[in-house]
Amino acid sequence: MTSQNRANPAGPPQTDDAMEVWFNTDPVLCQARRDGVDVWALWANLQRPVEERIRRHQIALHRFRLLHNAANQ
């Protein structure tokens, strides 16, 4: 849990500018950015329904397996 969520149990900020401030001031999110995580892409993905995220994961996993199998033949 990030410090923003502990301080604001209602949830994250609602505007893009406020989100950007949150991303840049929350220690966990700031470190994630330094580590190369695209927090905007992560945030956008988390806005999708669970079923859609699972569906997209299954598609990516299937493609990975196809590529992995092709490279190892």
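> Would you mind going over the nonpolar core in detail, with residue names and values included?
Counting six residues, the largest nonpolar core consists of Met 19, Trp 22, Phe 23, Leu 29, Ala 32 and Val 39. Those elements giving two or more residues to this core turn out to be helix 2 (16-25) and helix 3 (27-34). The greatest single-element share of this core, amounting to three residues, is contributed by helix 2. Discounting residues that sit within four places of it in the chain, Phe 23 has contacts with Leu 29, Cys 30, Arg 33, Val 39, Trp 40 and Trp 43.

> Quick one: what's the story with the packing of helix 2 against helix 4 (residues 39-46), residue by residue and with numbers?
Direction vectors running N to C along helix 2 and helix 4 enclose 120°, while the axes themselves pass 11 Å from each other. Judged on the interaxial angle alone, helix 4 and helix 2 are oblique. In the crossing of helix 2 with helix 4, the sense of the turn from one axis to the other is right-handed. Across the interface between the two elements, Asp 16, Met 19, Glu 20, Trp 22 and Phe 23 from helix 2 touch Val 39, Trp 40 and Trp 43 from helix 4.

> Tell me what's going on with the packing of aromatic side chains, and back it up with residues and numbers.
One pass over the structure, following the stated rule, counts three aromatic pairs. Where Trp 22 meets Trp 43, the ring centres are 6.2 Å apart and the plane angle is 85°; that geometry is what we call edge-to-face. A residue pair is termed long-range when its members are at least 10 positions apart, and Trp 22 in helix 2 and Trp 43 in helix 4 qualify at 21 residues. The exposure class of Trp 43 is partly exposed, given its relative accessible area of 24%. Taken together, the ring pairs in this structure connect Trp 22, Phe 23, Trp 40 and Trp 43 into an aromatic cluster.

> Lay out the side chain of Asp 26 in plain terms, naming residues and giving numbers.
With respect to the helices and strands, Asp 26 occurs in the loop between helix 2 and helix 3. Within the structure, the side chain of Asp 26 is placed 3.0 Å from the backbone nitrogen of Val 28, a separation counted as a polar contact.

> Kindly report on the pattern of salt bridges, identifying the contributing residues and their values.
The full count for this structure, using the stated rule, is three salt bridges. A salt bridge links Glu 20 to Arg 33, with the shortest nitrogen-to-oxygen separation between them at 2.6 Å. Residue Glu 20 is found in helix 2, and its partner Arg 33 is found in helix 3; the two are separated by 13 residues along the sequence. By relative accessible area, which is 27% here, Glu 20 ends up partly exposed. A salt bridge links Arg 55 to Glu 52, with the nearest nitrogen and oxygen atoms 2.8 Å apart. Of the two residues, Arg 55 and Glu 52 are both situated in helix 5 (residues 50-71); the distance of three residues between them amounts to about one turn of the helix. One network of salt bridges, in which partners are shared, links Glu 52, Arg 55 and Arg 56.

Parameters and conventions
Counting restarts for each chain, with residues numbered from 1 along the sequence as it is written. Per-residue local features are limited, in this predicted model, to residues with pLDDT of at least 70; the limit for side-chain atom pairs, both in listing and counting, is 80 or more; totals at the level of whole chains, interfaces and linings are taken over all residues. Only heavy atoms go into the side-chain values, all of them from the structure, while hydrogens and water stay out. Residues enter a nonpolar core if they are buried and are Ala, Val, Leu, Ile, Met, Phe, Trp, Tyr or Cys, with the set joined through side-chain atoms within 4.5 Å. Each residue's exposure class comes from its accessible area (1.4 Å probe, protein chains only) as a fraction of the maximum for that residue type: buried when under 20%, exposed when over 50%, partly exposed otherwise. Note on conventions: DSSP H or I runs of at least 4 residues are helices, E runs of at least 2 residues are strands, and numbering of each starts at the N terminus. In what follows, a contact means two residues having at least one pair of non-hydrogen atoms within 4.5 Å. To obtain an axis, a line is fitted to C-alpha atoms, over the contacting stretch when the element is a helix, and the angle between two such axes runs from 0 to 180 degrees between their N-to-C directions. We call two directions roughly parallel when the angle between them is under 35 degrees, roughly antiparallel when it is over 145, roughly perpendicular when it lies between 65 and 115, and oblique otherwise. A clockwise turn of the near helix away from the far one marks a right-handed crossing, whereas an anticlockwise turn of less than a right angle marks a left-handed crossing. Note on aromatic contacts: the rings of Phe and Tyr and the six-membered ring of Trp form a pair at centre separations within 6.5 Å, being stacked when their planes are under 30 degrees apart, edge-to-face when over 60 apart, and tilted otherwise. We define a polar contact as two N or O atoms separated by no more than 3.5 Å, with the added condition that, inside protein, one atom must be a possible hydrogen donor and the other a possible acceptor, whereas residues neighbouring each other in sequence contribute only through side-chain atom pairs. The salt bridge definition used is simple: a Lys or Arg side-chain nitrogen within 4 Å of an Asp or Glu carboxyl oxygen.

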